[in-house]
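What follows is the residue order along each chain.
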Amino acid sequence: MRFLIVRTDIRAVADGDIAAAWADGHRLRDETTTPEPRRQIVHAEDRDAALLLARALATVGAVRAGKQRVKVLPLIEPRPAFRHRPGRAGT
């Protein structure tokens, strides 16, 4: 399985937004609609390589200071599309 290692900026959140999210029971951040700005992207072919790269990126000063974060995301391989071959019955 392939992995994507991403170093992103952490968005600042106001205290009022945190309290409102907690009170309403909804998420403060939703990466599917508004992802954090990306700083660096690296691909890895296996989990061990991905974790090694993530560990290396975690030594960056901004990550250590809490201004950026490192994420390791598994990439799902796309399934091959079914193709109909002309002239072959039953396929």
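Residues numbered from 1 in each chain as written. Predicted model: local features only at pLDDT ≥ 70, side-chain atom pairs only at ≥ 80, totals over all residues. Heavy atoms only, no water.

K.L.:
In this structure, what is going on with the pattern of salt bridges? I would like to understand it.
P.N.:
Two side chains that carry opposite charge are able to pair once their charged atoms sit near each other. If you walk through the whole model with that rule in mind, you get four salt bridges. Between Arg 2 and Glu 45 there is a salt bridge, and its shortest N-O distance comes to 3.8 Å. Placement of the pair is Arg 2 in strand S1 (residues 2-9) and Glu 45 in the loop between strand S2 (38-44) and helix H2 (47-57), with a sequence separation of 43 residues. Judged by its relative accessible area of 29%, Arg 2 is partly exposed. For the salt bridge of Glu 36 with Arg 69, the shortest nitrogen-to-oxygen distance reads 2.8 Å. Here Glu 36 is found in the loop between helix H1 (15-24) and S2, whereas its partner Arg 69 is found in strand S3 (residues 68-75), with 33 residues between them in sequence. Assessed through its relative accessible area of 29%, Arg 69 is described here as partly exposed. Three or more residues are tied together by salt bridges with common partners; here these are Glu 36, Arg 69 and Lys 71. (Salt bridge = Lys/Arg side-chain N within 4 Å of Asp/Glu carboxyl O. Helix = DSSP H or I, 4+ residues; strand = E, 2+ residues; numbered from the N terminus. Buried < 20%, exposed > 50% of the residue type's maximum accessible area, 1.4 Å probe, protein only.)

K.L.:
Before we go on, may I ask you to explain the side chain of Glu 36 in this structure?
P.N.:
On the basis of relative accessible area, Glu 36 is assigned to the buried category, the value being 4%. Within the structure, Glu 36 has its side chain in polar contact with the side chain of Arg 69 (distance 2.8 Å). A polar atom in the side chain of Glu 36 sits 3.2 Å from the side chain of Lys 71. For Glu 36, the residues in contact, after removing those within four places along its chain, are Thr 8, Asp 9, Ile 10, Arg 11, Arg 29, Glu 31, Arg 69 and Lys 71. (Polar contact = N/O pair within 3.5 Å; in protein donor to acceptor, adjacent residues only side chain to side chain. Contact = heavy atoms within 4.5 Å.)

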